[in-house]
Amino acid sequence: MIDATSFATSLQQAVDGRMLVHPRACEAYAIAGCTPKLVLSPASVEEASRTAQLIADEGESLVVRGAGTKSWRPPVPEAVFAVLDMTRCEGIVAHEPGDLTVTVRAGTKLAHLQSALSRHGQFLPCDAPFASHATIGGMLAAATSGSLTLRFGGIRDNTLGMRVALSDGTVAYSGSKVVKSVAGYDAYKLFIGSLGTLGVIGEATLKVAPLAAEDGLLAARFRSHRDAAGAAIDLARSNLFVWSASLHDGASTKRIDAIPAVASPNDWLLLVRCGGSPATVRRQIGGSARICKARGALELFEAPAREVGSIWAQVAELAGGAAYPVRDFVVAKFSTLPTASAELIDALLVAWPAAEIVAHPALGVAFAHAPVDRSSFDAARLSALWSSLKHREFNAAFLSAPPGISRGFTVPITAPIELQRRLKHALDPRGTFDPGRGAAGL
Amino acid sequence: MDAAFVERLRKIAGRRHVLSEAADLYGYESDASIDRSLPGAVVFPGSADEVAAIVAACNERGYPFVARGAGTGLSGGAVAESSALIIATARLRRILEIDPDNRLAVVEPGVPNAEIGAAARAYGLQYIPDPSSMAVCTIGGNIAENSGGLHCLAYGVTANHVLGVEVVTADGDTVRLGGRVADAPGYDLLGLFVGSEGTLGIVTKAVVRLTPLFETSRTMLAVYDSIEQASRAVSDIVAAGIIPGALEMMDRLTTIAVEESVHAGFPTDAAAILIIEVDGLIEGVEETSAAVRRACERGGAREVRTARTEEERDRIWRGRKEAFGAIGRLSPACYVQDGVVPRTRLPEMLREIADVSNRHGLRIANVFHAGDGNIHPLILFDSNQPAEVERAVVAGDEILAACVRRGGSISGEHGIGTEKRDCMTLQFGPADLALMARVKAVFNGRDLCNPLKMFPTSRRCGEGARKLASGKLSPAMSAAVGPAF
């Protein structure tokens, strides 16, 4: 233990003075209403590692933060000592268009990266929500992908290597900066989806893709979500290789400008995103229309190619994203087999009638969003949903929920818990990173 | 291996499924790499429970063990050092389920890669990773090595196509990592496991992703008068916004060798050729192949041919797949390297390989996955000439070091195993290796599960290969290795 003043001085030096201590200033970095005592903003992975080590040596704890879009994600901490704000550790380190790879610092905003890549006709093939402020490090820590996973894989599939900082001051690299490498363990994958509980993601090399020569979007209105989910599964099995298929209930559809609202609030809209050469997109749209009609679509609508980008930007924010601000909405994500998507939606409609539902049936994923309002949320009913699904193959997590609501709901962990605990202990022996925040109290 | 332990193995797997006589063990002393070591015994378990019982028995007695699929590995991953027990997956070869609507298959580890594809085809689906040894190499081995293949450029490697595994851990516990359903809570142990070269446990079941078959594929051959132009065309194609299904390159030494043995129709007077495959919907393939042709011609291709018939296409690919075998016949021995550079650095890397070749007075043939920047220089040498062996090994090291200097990797798909463990320090610093060691200790603290692999010993890069090559390489070996690449 060192005295408080010299501890503060060391921390201040570690982040070159970018430290907040005033409660007012720290409030903006609160985690689920808990204001940290300190906010430290390192500008590099080395600074992050030095900071983490100082805090670990004092036996204190640290919450790593990007844009703060998961600040209300349960389980939430009871107290927060320090927040490591990574937004100053930002910028593109290297981008060689001919290599289709980009290396970025963790605090780089997705929107900033996409706009830099687009100048070279490329993009990170990931329509993660909160696009305007989400950071790459945050997306990696939460393993946030979007509906484009159908065509391009998730963020994990597009990550090639990473520099991470551990609580003992280690800065280590694993993976590589090239599109193909099998040298050593892909230890970096452990940090993807780790919710910041193993260490700090400092820098990542990502695989990028060429922008499509042409974009396409087909909207199909269905009376029943079962038919729409069936159409999405048929699309994914077909050789059309569409980019994604996103299913929206009536309330969610209303939030998309430029798409005619469905006539009946009970109707569902399946949005099929296409991309490729112009002739490929024509075939994808035509083929998707046939598949949707065969599954009973009531009406089809094709968006003009020039509007696809802006429409999709809105669609992406409807899957646990900015359309449902984290302070105002309870948001949960459910994953099951694609063929069980319809049944999952059935259960949600019964258990959580106030929720707006957006699903990616070909991926087996559904999001439910409901206002933070006791009347919209019946704990007993949701418990029943949890338990009705418990014996089937599924995963579920709140992405955002006040502590009072999420308490008592736990999701069974299928992963070997003992190995997970040993891993946490091996990489973060003093439990410095976000104690209690990982799955099952990791 | 003592008799009592062998008897215990027989009790677990059945009398017929254990080999312990030296004469029977020689077939298992090597994989397709240059390393070899006689195992203590070989056991062929018939179920996941038997695998778990065998691993538990090894733990009890402190015996090291090594999982083995088809033995096609190219880095010594399945070589049983320390007289380890080989646990062979040959009897675990059932395809348990094809679920077409959820686009997945559940298979046992000993199923050959190509059999998954064949079973999926009936449902209009395919399994994407296609290492050249796909007819025999097993999915368990593919998962251990994170295998690539010819068509990984556009669609990813094994890690991108495995959804879950059931594993017997180094301690003998049976656990599931990942699964049919996405977003499993907790750490991505599956992501760590794929490519861990059998050092973290043994796969007993795998859930793999299936992908719809392409409506059509078109194979093109672009012919160049200079290696420089051909290698530049690779990044020109990609920079034009095209990601072909496959993009392969062969130099003249290779095409001559291929034409002598396979007659694929490659021009033997050209400095280099590119084989480019474009797949997808018919109309899109028309457009994309026209764009590929334009990019190749702009880059100075002397000729761009399109395979007109299925037979012509097969002939081109047969020429590519058998190239290593054909080169093996040019020389008493050959030493294949596997490194990666960013694809925009291919032209300078190929110049450097030519310099290495001149400097050491050794012929080096190049046939490789150009689209990924994954080079496979084949260094031809005479294993009866110790000085030449030495030069071949040094040349290999220099090429790997040059890959790392250009921001690349010491292995794109063959793995580290025993062959390259002492080269890990070229690419990774002490802190990087220490992180890997900490992770390994979580799973395999006693180092009984595929011991000594992947991590550097006290030797320096190339010493292991030098020792082996000087004593053990035979002319037969290079021919035997050939078809596996």
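Source: prediction; values computed, not measured.

Rules used throughout
- Residues numbered from 1 in each chain as written.
- Chains lettered and ligands numbered in written order.
- Predicted model: local features only at pLDDT ≥ 70, side-chain atom pairs only at ≥ 80, totals over all residues.
- Helix = DSSP H or I, 4+ residues; strand = E, 2+ residues; numbered from the N terminus.
- Rg over C-alpha atoms; globule rule 2.2 N^0.38 Å.
- Buried ≥ 20, exposed ≤ 12 C-beta atoms within 10 Å, placed from the backbone.
- Contact = placed C-beta atoms within 7 Å.
- Nonpolar A, V, L, I, M, F, W, Y, C, P; charged D, E, K, R; others polar.
- Axes fitted to C-alpha atoms, helices over the stretch in contact; angles between N-to-C directions.
- Parallel < 35°, antiparallel > 145°, perpendicular 65-115°, else oblique.
- Left-handed = near helix turned anticlockwise from the far one by under 90°.
- Pairing = 2+ DSSP bridges.
- Core = buried A, V, L, I, M, F, W, Y, C linked by C-beta atoms within 7 Å.
- Domains from an automatic or database assignment.
- Arc of directions from axis to C-beta.
- pLDDT = per-residue confidence, 0-100.

A. Spotlight on the overall build of chain B. Along the backbone of chain B there are 18 helices and 20 strands. Relative to a compact globule of 485 residues, whose C-alpha radius of gyration would be 23 Å, chain B shows 22 Å and is just as compact. The principal-axis extent of the C-alpha atoms belonging to chain B is close to 70 × 60 × 40 Å. Buried residues in chain B amount to 62% of all 485 residues.

B. Spatial organisation of the interface of chain A and chain B. Tallying the contact residues gives 70 residues for chain A and 75 residues for chain B. Contributions of two or more residues to the side of chain A that touches chain B are made by β9 (171–175), α7 (225–237), α9 (278–294), β16 (329–336), β19 (394–400) and α14 (417–427) of chain A. Looking at the side of chain A that touches chain B, the element that brings in the most residues is α14 of chain A, giving 6 residues. Its residues assigned to classes, the side of chain A that touches chain B shows 36 nonpolar, 22 polar and 12 charged.

C. Highlighting the packing of helix α1 (residues 3–13) of chain B against helix α3 (residues 48–61) of chain B. Residues and elements named next belong to chain B. In contact at an axis separation of 9 Å, α1 and α3 are set at 160 degrees when each is read in the N-to-C sense. As far as their axial angle goes, α3 and α1 are roughly antiparallel. Both α1 and α3 take part in a crossing whose hand is right-handed. Judged by residue contacts, Phe5, Arg8, Leu9, Ile12 and Ala13 of α1 engage Glu50, Ala53, Ile54, Ala57 and Arg61 from α3. Residue classes in the contact of α1 with α3 are distributed as 7 nonpolar, no polar and 3 charged.

D. Spotlight on the packing of helix α8 (residues 227–239) of chain B against helix α10 (residues 282–298) of chain B. Residues and elements named next belong to chain B. The geometry of α8 relative to α10 is characterised by a closest axis approach of 9 Å and an angle of 140 degrees between their N-to-C directions. Between α8 and α10, the crossing angle belongs to the class labelled oblique. Here the hand of the crossing between α8 and α10 comes out right-handed. Judged by residue contacts, Ala233, Asp236 and Ile237 of α8 engage Val292, Ala295 and Cys296 from α10. For the contact of α8 with α10, a count of residues per class yields 5 nonpolar, no polar and 1 charged.

E. Structural context of the pairing of strand β8 (residues 159–165) of chain A. Residues and elements named next belong to chain A. Burial of β8 is extensive: 7 of the 7 residues sit out of reach of the surface. Examined bridge by bridge, β8 and strand β10 (residues 200–207) share 6 bridges and lie antiparallel to one another. When the bridges of β10 are listed, threonine 159 appears paired with leucine 206. Counting the residues in the hairpin turn of β8 and β9 gives 5 residues, including glycine 169, whose phi is positive at 90 degrees.

F. Broad picture of the nonpolar core. Ranked by size, the top nonpolar core spans 307 residues in total, and within it Ala232 and Leu270 of chain A together with Val208, Ala222 and Ile273 of chain B carry the most contacts. Sorting elements by how many residues they give to this core places helix α14 (residues 386–405) of chain B first, with 9 residues. Beyond its immediate chain neighbours, meaning those up to four positions away, alanine 222 of chain B contacts Ala233, Ile273, Leu274, Ile276, Cys296, Ala301 and Val304 of chain B.

G. Spatial organisation of the environment of serine 264 of chain A. Residues and elements named next belong to chain A. Among the structural elements, serine 264 can be located in the loop between α8 (250–254) and β14 (268–276). Its 11 C-beta neighbours within 10 Å are what place serine 264 among the exposed residues. Put simply, serine 264 and valine 39 are 225 residues apart on the chain and 49 Å apart in space, counted from C-alpha to C-alpha.

H. Representation of the domain arrangement of chain B. Once the domains are mapped, chain B shows domain 1 (3–88), domain 2 (95–212), domain 3 (216–321) and domain 4 (326–484). Spacing between the C-alpha centres of domain 1 of chain B and domain 3 of chain B amounts to 43 Å.

I. Focus on the pairing of strand β13 (residues 244–248) of chain A. Residues and elements named next belong to chain A. With 5 of its 5 residues buried, β13 lies for the most part within the structure. Going residue by residue along β13, you find Ser244, Ser246 and His248 tucked away on one face and Ala245 and Leu247 tucked away on the opposite face as well. Inspection of the sheet shows β13 paired to β14 by 5 bridges, in the antiparallel sense. By the bridge assignment for β14, serine 246 is matched with leucine 271. Judged from the 2 bridges that link them, β13 and strand β17 (residues 356–360) form a sheet pairing that is antiparallel. Bridge assignment links histidine 248 to a residue of β17, and that residue is valine 358.

J. Looking closely at helix α4 (residues 110–118) of chain A. Residues and elements named next belong to chain A. When we look at burial in α4, the residues that qualify are Leu110, Leu113 and Leu117. All buried residues of α4 project into a common sector of 65 degrees when viewed along the axis, lining one side. Exposed residues on α4 whose side chains face more than 90 degrees from its buried face are Ser115 and Ser118. Summarising the contacts, the buried residues of α4 are in contact with β5 (92–96), β6 (101–105), β7 (122–123) and α5 (136–141).

K. Up close: the domain arrangement of chain A. Residues and elements named next belong to chain A. Here chain A is partitioned into domain 1 (4–87), domain 2 (90–210) and domain 3 (214–316). Here the C-alpha centroids of domain 1 and domain 2 sit 22 Å apart. Each partner contributes residues to the interface: domain 1 has 17 residues there, and domain 2 has 22 residues. Taken together, the elements giving at least two residues each to the side of domain 1 that touches domain 2 come down to α3 (45–57) and β3 (62–65).

L. Local environment of unusual backbone geometry. The omega angle of the peptide bond from proline 74 of chain A to proline 75 of chain A is -5 degrees, so this bond is cis rather than trans. The residue proline 75 of chain A is located in the loop between β3 and β4 (82–85) in this model. One non-glycine residue with positive phi stands out, namely glutamate 197 of chain B, at about 55 degrees. As for its placement among the helices and strands, glutamate 197 of chain B is situated in the loop between α7 (189–193) and β10 (201–209).

M. Summary view of the confidence of the model for chain B. Residue and element names in this part refer to chain B. Mean pLDDT over chain B works out to 93, with 95% of the residues at or above the 70 mark. Low pLDDT, under 50, characterises residues 470–485; the stretch is placed with 32 contacts to residues that sit more than four places away or in other chains. The complex model carries a pTM of 0.96, and its ipTM stands at 0.96.

N. Layout of the sheet that holds β14 of chain A. Residue and element names in this part refer to chain A. As summarised here, the arrangement of the 8 strands in space is β15-β12-β14-β13-β17-β18-β16-β19, forming an open sheet in which the pairing is antiparallel. Looking at the sheet topology across the chains shown, the edges are occupied by β15 (299–303) and β19. Strand after strand, the sheet turns through a mean of 20 degrees between neighbouring axes, direction not considered. Along the sheet face, α9 touches β12 (214–222), β14 and β15 and points at about 10 degrees away from the line of β12.

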